[in-house]
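# Survey of secondary and tertiary structure
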Number of protein chains: 2
Amino acid sequence: MERIKPRTLSGFMELLPAPQMQMERIMEILRRTYSLYGFTPLDTPAIESAEVLLAKGGGETEKQIYRFQKGDSDLALRFDLTVPLAKYVAIHAGELCFPFRRYQIGKVYRGERAQRGRFREFYQADIDIIGDGKLSIINEAEIPSIIYRTFRSLGLRRFQIRINNRKILNGFYSMLGLSDRSGDIMRTVDKLDKIGPDKVRAILIDDDGIAPEQADEILRFIAIRGSNAEVLKALESYLGKDAIFDEGFGELSTVVGYLGDFGVPDENLAVDLTIARGLDYYTGTVYETTMLDHPEIGSVCSGGRYDNLAAYYTDRQLPGVGISIGLTRLFYVLGEQGMLNPELPTAPADALVLPMGEDLSPAISLATQLREQGLRVQLYTEAKKFKAKMQYADRLGIPYVIFLGEDEIAQGKCSVKELATGTQQTLTAEDAADLIRAGLEARMQGTVIREK
Amino acid sequence: MERIKPRTLSGFMELLPAPQMQMERIMEILRRTYSLYGFTPLDTPAIESAEVLLAKGGGETEKQIYRFQKGDSDLALRFDLTVPLAKYVAIHAGELCFPFRRYQIGKVYRGERAQRGRFREFYQADIDIIGDGKLSIINEAEIPSIIYRTFRSLGLRRFQIRINNRKILNGFYSMLGLSDRSGDIMRTVDKLDKIGPDKVRAILIDDDGIAPEQADEILRFIAIRGSNAEVLKALESYLGKDAIFDEGFGELSTVVGYLGDFGVPDENLAVDLTIARGLDYYTGTVYETTMLDHPEIGSVCSGGRYDNLAAYYTDRQLPGVGISIGLTRLFYVLGEQGMLNPELPTAPADALVLPMGEDLSPAISLATQLREQGLRVQLYTEAKKFKAKMQYADRLGIPYVIFLGEDEIAQGKCSVKELATGTQQTLTAEDAADLIRAGLEARMQGTVIREK
């Protein structure tokens, strides 16, 4: 037979079983955490009509998208989870209750140039809260608490949620009479971390055509640093000059003010006036989350408040706030940095049952019994040497091997060996289950991510 | 702004929040059940190289597939989870431990003609056990026990796992000297349930060119009915005439013999000599699962034993056994039949916290505290009338509403109202959590599927 060389496309993550188990654990934590805040799971198709998906149009997206014909349909793979959400809410608005809180963890597709750590198929893990006409500011204060709890549940401590408010920025540029250039300015200012203030000033003046004294004013503004209280205090000196600025200041103060009640410690949150988020549609609070020991990774969880989710589909005003975790990239980076806790079990089973006699009935019954107690049990019945069977358990990291020979069967017991210690005990099935459960509990103590 | 009419493509399932919650629950049960048997979760890309995906080639598949160019790559969306598994095992054979047991729940794509209850994007939930060179027959006996436990965990009782062995069929046709026509014959025989024996006989003779006395012999064979013991007994009369038949008989006896130990009751399993499975690559035990009260749906879980998973990619012999549940179609049918238990909660939250005063801090703290106890809590802070807030909880099916007014705050308590009964109690946060937890437990008693 002529053979085809099997291969997985570059830019597509395909994990071996052990890391896949860690990925599943992360997804489970995200699902659980999002659920705690009243978000309902949603699942939309990966394929949409190209017309619907590209309603907004625009350059980069259009180039990267996977778009194709099937019959006479013009189709495309989703490139994020926000556009499908907008479509979903526009279609189903009459059947949903607002505020509508949904989470979605799903694959999206972007045909970017393949490079290390960049993926063409990747998971996003999104939450959004959509209001009907209005949406309370408190939702914007709740978002950092969800980010905080999510990352803490994964095991991270050394991270910082950076927040800002677009109204403060828009108001500030309006004070300077630069409203119509605020988009360009924010894109330039966004590079501050990477290129430093001098180069930002140069670009502002040379490329964006800002007067030097205004550029200095901008640099003074974005240089405001300190504790959250200090930053808010410094912003007070700009109050009373622009209504939008004042509104943004009020929102930011409210958001910061409630964070303690939401359980977010000061050290995990910083008001940062340089955060703008590139996207045009954010209108209020914006969020970025950085890992303090790995700033080079950039933001691992970003989002913000927008005034109109589905303007391309409906004239219903649907303001919202949401965040997105680029899960595949985050997982890749955590692996690269050696931050995935190797001590958490990744074995496919908790125990491997090895029948030692001809009649397999007692071993099958035992395995069935242990499964009824909730244990993950694999029955090993291949005709292999004893050593090979033990190596199988060892290579997979299965913590317990259970032997069932004539003696054990006669006594109504089984022998349980813990591979890590070599300890072997002859026990009833119930006691074996208890022993294994206790051992598993001890092994499950750690978090998925381990900081160094 | 010019608006695009939002729409979801036909043949693509997109659920409202309540049914989506039921779907999530089903998926969670599948994941848990598969895990109990030592299957490890796997996730492969939805897009593969067309050359790799279509290695086997062949008519129907090729017509239905979503295939497209991106740059100069010829790509296609996976149409099942078996081909990607074959590719995965062929690539990673050196890093896997055999037998390799994996489950995968993922979306697959087939551009079929759209019709009611047929989907172009649908979930398959597969398990496979892959051996390296050899695979013990016990694995074939374990599969029905996994099907049994899966369907029972979902809440089904009225189902039957029908099994057969391809070697018995091949051996039988070999006895008749019809080996080279066994494919056609099996396809005809497969229609027995739908068209009855007379029409099967007519097609065998007229279309398949089988002599009338041989057609009668075939009909006599597939008419063998009765308890599993009776069917095996009837098959004994054919023994000693064909080695393949005898081997198949031995395997079938072994599989049936161990089912009791695996905990599969007789009434949920039937040896059925008409089962062949259309696919060419099954070589041993084959499985179909039917819902006894809905035979019109056909098989909801099928599969079998194959000798060579990845022959198109590698010369390594990889025998296996696997089954697949067509999850999206099953979910659709269950919904149509009204079999999804409406009593299980589908609300996005267990409790809705309603702050009654100006200062939201106590309400935020309370919500945070309840979440730390594992409760799913939504904080409702929109400026709406009291009645609208209660309607929100009611429409979403949120079972408890928690009020926090001046009096409660002064007492360090909160008022918990159970919407179903109207009962309201003023409690500490700890007692409120206990009350809600107990209420949830009572609500979670039922199974996802409810037979009538």
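### Some remarks on the overall build of chain A
On a plain count of helices and strands, chain A comes out with 16 helices and 16 strands. Each principal axis of the C-alpha distribution contributes one length, and for chain A these read about 90 × 55 × 45 Å. Burial status across chain A gives 58% buried among its 452 residues. A sequence separation of at least 24 residues applies to 69% of the contacts in chain A between residues at least 6 apart. Per element, the accessible surface of chain A, about 18400 Å² overall, is 47% carbon and sulfur. Across chain A, the mean location of the 55 positive side-chain charges is 5 Å away from that of the 64 negative side-chain charges.

### A word on the interface of chain B and chain A
Contacts between the two partners involve 102 residues from chain B, matched on the other side by 102 residues from chain A. At the boundary of chain B with chain A, total buried surface from both sides reaches about 8700 Å², with 57% on carbon and sulfur atoms. In this assembly, chain B and chain A are joined by eight salt bridges. Here chain B is connected to chain A by 48 residue pairs in polar contact (both at pLDDT 80 or more). If you tally residues by element for the side of chain B that touches chain A, the top one is helix α1 (residues 17-36) of chain B, at eight residues. Of the residues in the side of chain B that touches chain A, the class split is 52 nonpolar, 20 polar and 30 charged.

### What about the relation of the copies chain B and chain A?
Aligned on chain A, chain B shows an RMSD of 0.1 Å; the corresponding rotation is 180 degrees and the shift along the axis is 0.0 Å. Here the copies are linked by what is in effect a two-fold axis. Closest approach to the rotation axis within chain B is made by the C-alpha atom of Phe68(B), at a distance of 3.0 Å. A high fraction, 100%, of the interface residues of chain B reappear at the interface in chain A, so the copies pair face to face through one surface.

### Quick look at the confidence of the model for chain A
Mean pLDDT for chain A: 94, with 99% of residues reaching 70 or above. Here the predicted complex scores 0.96 on pTM and 0.95 on ipTM.

### What about the environment of Ser10(B)?
Residues and elements named next belong to chain B. Note that Ser-10 resides in the segment before α1. Taking relative accessible area as the criterion, Ser-10 reaches 47% and is therefore assigned partly exposed. For the pair Ser-10 and Arg-116, spaced 106 residues apart in sequence, the C-alpha separation works out to 9.6 Å. Setting aside residues up to four positions removed in sequence, Ser-10 forms contacts with Ala-114 and Arg-120.

### Some remarks on the pairing of strand β7 (residues 159-165) of chain B
All names here are of chain B. With six of its seven residues buried, β7 lies for the most part within the structure. Here three bridges tie β7 to strand β8 (residues 269-271), and the two strands are oriented parallel to one another. Residue pairing in the sheet places Ile-163 in a bridge with Val-271 of β8.

### Thoughts on the pattern of salt bridges
Here the structure, examined in full by the defined rule, presents 56 salt bridges over all chains. With a shortest N-O distance of 3.5 Å, Asp184(A) and Arg187(A) are connected by a salt bridge. Of this pair, Asp184(A) and Arg187(A) both sit in helix α7 (residues 182-189), three residues apart, which is roughly one turn of that helix. Linking Asp193(B) and Arg162(B) is a salt bridge whose minimum nitrogen-to-oxygen distance equals 3.1 Å. Within this pair, whereas Asp193(B) is found in helix α8 (residues 192-206), its partner Arg162(B) is found in strand β7, the two being separated by 31 residues in sequence. Each of the salt bridges in this network shares a partner with another, and the network as a whole consists of Glu14(A), Glu48(B) and Lys87(B).

### Some details on the packing of aromatic side chains
Taken as a whole and assessed by the stated rule, the structure comprises 33 aromatic pairs over all chains. Ring geometry for Phe68(A) versus Tyr66(B): centroids 6.2 Å apart, planes at 70 degrees, classification edge-to-face. Taken together, the positions of Phe68(A) in strand β3 (residues 67-70) and Tyr66(B) in the loop between α3 (59-64) and β3 (67-70) put the pair across two chains. Take Phe68(A) and Tyr66(B): they sit in the same class, and that class is buried. Through successive ring pairs, a cluster of aromatic residues spans Tyr66(A), Phe68(A), Tyr109(A), Tyr66(B), Phe68(B) and Tyr109(B). In this structure, Lys56(B) packs its charged tip against the face of Tyr281(B), placed 5.1 Å from the ring centre. Above the plane of the ring of Tyr66(A) lies Lys70(B), whose end atom (NZ or CZ) is 5.4 Å from the centre.

### Re empty space enclosed by the protein
Under the criterion given, the structure shown has three cavities of 30 Å³ or more. Lining the largest cavity are 31 residues, and of these Ile105(A), Tyr123(A), Met27(B), Ile105(B) and Tyr123(B) sit closest to its centre. Within the residue set of the lining of the largest cavity, elements represented by two or more residues are α1 (17-36) and β5 (100-109) of chain A together with α1 and β5 (100-109) of chain B. Its residues placed into classes, the lining of the largest cavity shows 16 nonpolar, five polar and ten charged.

### Some remarks on the packing of helix α5 (residues 138-154) of chain A against helix α11 (residues 243-258) of chain A
All names here are of chain A. Direction vectors running N to C along α5 and α11 enclose 45 degrees, while the axes themselves pass 9 Å from each other. Considering their axes alone, α5 and α11 lie oblique with respect to each other. For the pair α5 and α11, the crossing hand works out as right-handed. On α11, the residues touching Ile-138, Glu-140 and Ala-141 of α5 are Glu-251, Thr-254, Val-255 and Tyr-258.

### Focus on the sheet that holds strand β6 (residues 121-130) of chain B
Residue and element names in this part refer to chain B. Here eight strands make up an open sheet; going across it, the order is β1-β5-β6-β11-β10-β9-β7-β8 and the pairing mixed. Two strands bound the open sheet, and with one partner strand each, they are β1 (40-41) and β8. Alignment of strand β10 (residues 301-306) against strand β11 (residues 320-326), held across six bridges, turns out to be antiparallel. Bridge pairing in β11 places Ser-302 opposite Ser-324. Relative to the sheet, helix α5 (residues 138-154) contacts β5, β6, β7, β8, β9 (282-291), β10 and β11, its axis offset from that of β9 by approximately 15 degrees. Contacts between helix α11 (residues 243-258) and the sheet are confined to β7, β8 and β9, with β7 contributing the most and set at about 150 degrees to the helix.

### With respect to the pairing of strand β16 (residues 424-427) of chain A
Residue and element names in this part refer to chain A. In terms of strand pairing, strand β15 (residues 414-418) meets β16 through four bridges, oriented antiparallel. In the strand pairing of β16, Ser-415 is matched with Thr-426. From the end of β15 to the start of β16, which pair antiparallel, there are five residues, and Gly-422 there has a positive phi angle of about 80 degrees.

### Side note on the packing of α8(B) against helix α9 (residues 212-222) of chain B
Residue and element names in this part refer to chain B. One can describe the packing of α8 onto α9 by two numbers: an axis separation of 8 Å at closest approach and a directional angle of 160 degrees. Considering the angle they form, α8 stands roughly antiparallel to α9. Two packed elements cross with a definite hand, and for α8 against α9 that hand is right-handed. Listed contacts from α9 to Leu-192, Pro-197, Val-200, Arg-201, Leu-204 and Ile-205 of α8 are Pro-212, Ala-215, Asp-216, Ile-218, Leu-219 and Ile-222.

### Comments concerning helix α8 (residues 192-206) of chain A
Residue and element names in this part refer to chain A. With 15 residues, α8 should cover 21 Å at 1.5 Å per step; its first-to-last C-alpha distance of 16 Å lies more than 12% under that length. Its axis deflected by about 75 degrees at Asp-198, α8 carries its strongest bend there. Restricting attention to buried positions, one finds in α8 the residues Leu-192, Gly-196, Val-200 and Leu-204. Looking at the buried residues of α8, the elements they touch are α7 and α9 (212-222).

### Overview of the environment of Thr44(A)
Looking at the secondary structure, you find Thr44(A) in the loop between β1 (40-41) and β2 (47-49). In this structure Thr44(A) comes out as buried when scored by relative accessible area, which is 1%. Sequence separation between Thr44(A) and Lys87(A) is 43 residues; the distance between their C-alpha atoms is 9.8 Å. In contact with Thr44(A), other than residues within four places in its own chain, are Arg78(A), Pro84(A), Tyr88(A), Gln104(A), Glu14(B) and Lys107(B). At 3.2 Å, the side chain of Thr44(A) and the side chain of Gln104(A) are in polar contact.

### Examining the environment of Leu178(B)
The residue Leu178(B) is located in the loop between α6 (166-175) and α7 (182-189) in this model. For the pair formed by Leu178(B) and Gln214(B), sequence separation is 36 residues and the distance between their alpha carbons is 9.2 Å.

### Some thoughts on α5(A)
All names here are of chain A. Here α5 spans 25 Å end to end across 17 residues, near enough to the 24 Å set by a 1.5 Å rise per residue. Counting buried positions over the 17 residues of α5 gives 15, a clear majority of the element. Two residues or fewer after α5 comes Gly-155, characterised by a positive phi angle close to 115 degrees.

The rules behind these values
- Residues numbered from 1 in each chain as written.
- Chains lettered and ligands numbered in written order.
- Predicted model: local features only at pLDDT ≥ 70, side-chain atom pairs only at ≥ 80, totals over all residues.
- Heavy atoms only, no water.
- Helix = DSSP H or I, 4+ residues; strand = E, 2+ residues; numbered from the N terminus.
- Buried < 20%, exposed > 50% of the residue type's maximum accessible area, 1.4 Å probe, protein only.
- Contact = heavy atoms within 4.5 Å.
- Areas by Shrake-Rupley, 256 points an atom, 1.4 Å probe, with all protein chains shown as cover.
- Lys, Arg positive; Asp, Glu negative; His and termini not counted.
- Charge placed at Lys NZ, Arg CZ, Asp CG, Glu CD.
- Buried area = accessible area lost by both parts, 1.4 Å probe.
- Salt bridge = Lys/Arg side-chain N within 4 Å of Asp/Glu carboxyl O.
- Polar contact = N/O pair within 3.5 Å; in protein donor to acceptor, adjacent residues only side chain to side chain.
- Nonpolar A, V, L, I, M, F, W, Y, C, P; charged D, E, K, R; others polar.
- Least-squares fit on C-alpha atoms with pLDDT ≥ 70 in both.
- pLDDT = per-residue confidence, 0-100.
- Pairing = 2+ DSSP bridges.
- Phe/Tyr/Trp six-rings, centres within 6.5 Å; stacked < 30°, edge-to-face > 60°.
- Lys NZ or Arg CZ within 6 Å of the ring centre and 35° of its normal.
- 1 Å grid on protein atoms, 1.4 Å probe; cavity = no way out; pocket = protein on both sides within 12 Å on 5 of 7 lines; lining within 4 Å.
- Points joined across faces, edges and corners; volume = space filled by probe spheres on them.
- Axes fitted to C-alpha atoms, helices over the stretch in contact; angles between N-to-C directions.
- Parallel < 35°, antiparallel > 145°, perpendicular 65-115°, else oblique.
- Left-handed = near helix turned anticlockwise from the far one by under 90°.
- Expected span 1.5 Å × (residues − 1).
- Bend = angle between axes of the 7 residues up to and from the residue.

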